[in-house]
Amino acid sequence: MAAEPTYAAPSAGRLFFALWLPPACSGVLHAMAGAMVGRSGGRLMREDTLHLTLAFLGDIAEKRLPALTELADGLSLPRVPVRLDRLGFWAHNHILFAGSTAPAPALVALADSLQETLKEAGFLAETRAFVPHVTMLRKLLHPGKLPPLPAQEWEAEEIALVRSWRSDRGAAYETVARWPLHAAVNA
Ligand code: ATP
Ligand code: MG
């Protein structure tokens with residue numbers, strides 16, 4: 001008897017949870033990155049793609065998407081302060097990013113708690129130490145002296161589940177679903 005052909009399970013794509021940036025902050029980071037491309041080269045991220053990743057899931061099977069969104073429906077996570085106040089460069093992957101001198105403990109706790117929940121539910125193989133950063137430029141070889149970053153601060157009010165793929169215009173991202181973070185309850 002001929003063997004049945006096997007098919008890969010349909011994929012929902014490369015997924016990750018992230019915070020989108022407020023437009024004013026994206027504008028500042030994009031303009032700074034644009035000025036650096038002029039001096040040092042690199043590939044500029046489009047302004048509307050700037051994000052801060054909280055938990056990276058990778059390829060998730062389409063049939064697991066309902067369980068994933070249900071899991072997120074059941075979360076009750078607080079709003080968190082975000083402060084980006086320095087530029088950084090990672091030589092190993094040639095990325096210029098905006099980061100925090102001292103990330104708010106609440107932001108770290110949000111990412112840790114999300115990663116832990118996803119791991120317990122089998123959506124993450126491992127949890128990684130969370131280093132909040134927003135990628136601004138890729139393929140940067142010689143950054144030179146990094147300019148100071150005027151501090152960008154806001155309160156994140158929602159998390160997004162995002163799908164990424166490679167388009168002819170570079171990395172492209174699409175919001176699959178969003179969940180509000182709850183406001184602090186005053187005693
Ligand atoms: P591309 O890989 O196409 O150049 P990208 O890195 O933005 O673009 P993805 O690789 O899908 O797209 O990653 C989506 C987001 O998740 C990015 O913010 C990326 O930095 C982050 N990310 C990717 N891999 C990991 C990982 N293993 N652990 C933590 N975060 C990750
Ligand atoms: Mg990548």
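Analysis parameters
- Residues numbered from 1 in each chain as written.
- Chains lettered and ligands numbered in written order.
- Predicted model: local features only at pLDDT ≥ 70, side-chain atom pairs only at ≥ 80, totals over all residues.
- Heavy atoms only, no water.
- Pairing = 2+ DSSP bridges.
- Helix = DSSP H or I, 4+ residues; strand = E, 2+ residues; numbered from the N terminus.
- Contact = heavy atoms within 4.5 Å.
- Axes fitted to C-alpha atoms, helices over the stretch in contact; angles between N-to-C directions.
- Salt bridge = Lys/Arg side-chain N within 4 Å of Asp/Glu carboxyl O.
- Buried < 20%, exposed > 50% of the residue type's maximum accessible area, 1.4 Å probe, protein only.
- Near = heavy atom within 4 Å.
- Polar contact = N/O pair within 3.5 Å; in protein donor to acceptor, adjacent residues only side chain to side chain.
- Areas by Shrake-Rupley, 256 points an atom, 1.4 Å probe, with all protein chains shown as cover.
- Nonpolar A, V, L, I, M, F, W, Y, C, P; charged D, E, K, R; others polar.
- Expected span 1.5 Å × (residues − 1).
- Arc of directions from axis to C-beta.

Draft legend 1. Quick peek at the sheet that holds strand β2 (residues 43-44). Spatially, β2-β7-β6-β5 is the arrangement adopted by the four strands of the open sheet, whose pairing is antiparallel. Each edge of the open sheet is held by one strand with a lone partner, namely β2 and β5 (86-90). Here strand β6 (residues 95-99) runs beside strand β7 (residues 133-138); their pairing, made up of four bridges, is antiparallel. When the sheet's bridge partners are listed, alanine 98 is paired in β7 with valine 134. In this fold helix α1 (residues 23-40) packs onto β2, β5, β6 and β7, with an angle of close to 30° to the strand it touches most, β7.

Draft legend 2. Quick look at the pattern of salt bridges. According to the stated counting rule, one finds six salt bridges in the structure shown. Here arginine 178 makes a salt bridge to glutamate 158, at a shortest N to O gap of 3.3 Å. Of the two residues, arginine 178 is situated in strand β10 (residues 170-180) and glutamate 158 in strand β9 (residues 158-167); the sequence distance between them amounts to 20 residues. By relative accessible area, arginine 178 is classed as exposed at 55%. When its relative accessible area of 32% is taken as the criterion, glutamate 158 is described as partly exposed. The structure contains a network of salt bridges with shared partners spanning Arg83, Asp85 and Glu153.

Draft legend 3. Structural detail: the site of ligand 1. Close to ligand 1 lie Arg14, Phe16, His51, Thr53, Phe56, Arg128, Arg138, Ser164, Arg166, Ala171 and Tyr173. One nitrogen or oxygen atom from the side chain of arginine 14 is found 2.5 Å from an oxygen atom belonging to ligand 1. One of the side-chain nitrogen or oxygen atoms of tyrosine 173 is found 2.3 Å away from an oxygen atom of ligand 1. The fraction of the free accessible surface of ligand 1 (600 Å²) that becomes covered by protein chains is 73%. Top contributing element to the shell around ligand 1 by residue count: strand β3 (residues 51-61), with three residues. Taken together, the residues that form the shell around ligand 1 break down as four nonpolar, three polar and four charged.

Draft legend 4. Geometry of α1. The end-to-end C-alpha distance of α1 is 25 Å, a good match for the 26 Å that 18 residues give at a rise of 1.5 Å each. Along α1, the positions that sit buried rather than exposed are Cys25, Ser26, Leu29, Met32, Ala33 and Met36. Viewed end-on, α1 has its buried residues packed into an arc of 140°, placing them on one side of the element. In α1, those exposed residues whose orientation departs by more than 90 degrees from the buried face are Pro23, Ala24, Ala31 and Gly38.

Draft legend 5. Structural view of the sheet that holds strand β1 (residues 11-20). Taking strand neighbours across the sheet as the criterion, the four strands line up as β3-β1-β9-β10 in an open arrangement whose pairing is antiparallel. Each edge of the sheet is formed by a strand with only one pairing partner; in this case those strands are β3 and β10. In this sheet, adjacent strand axes meet at a mean angle of 30° when their direction is disregarded. Both β1 and β9 contribute to a ladder of five bridges, which runs antiparallel. In the strand pairing of β9, phenylalanine 17 is matched with leucine 161. Strand contacts of helix α2 (residues 65-73): β1, β3, β9 and β10, with the helix running at about 20° to β1, the strand carrying the most contacts. Helix α3 (residues 105-120) contacts β1, β3 and β9 of the sheet and is inclined by roughly 10° relative to β3.

Draft legend 6. Seen up close, unusual backbone geometry. Even without glycine at this site, histidine 94 takes up a positive phi of about 60°. Among the secondary structure elements, histidine 94 is positioned in the loop between β5 and β6. Positive phi values are uncommon outside glycine, yet lysine 139 reaches one of about 55°. Residue placement: lysine 139 occurs in the loop between β7 and β8 (152-156).

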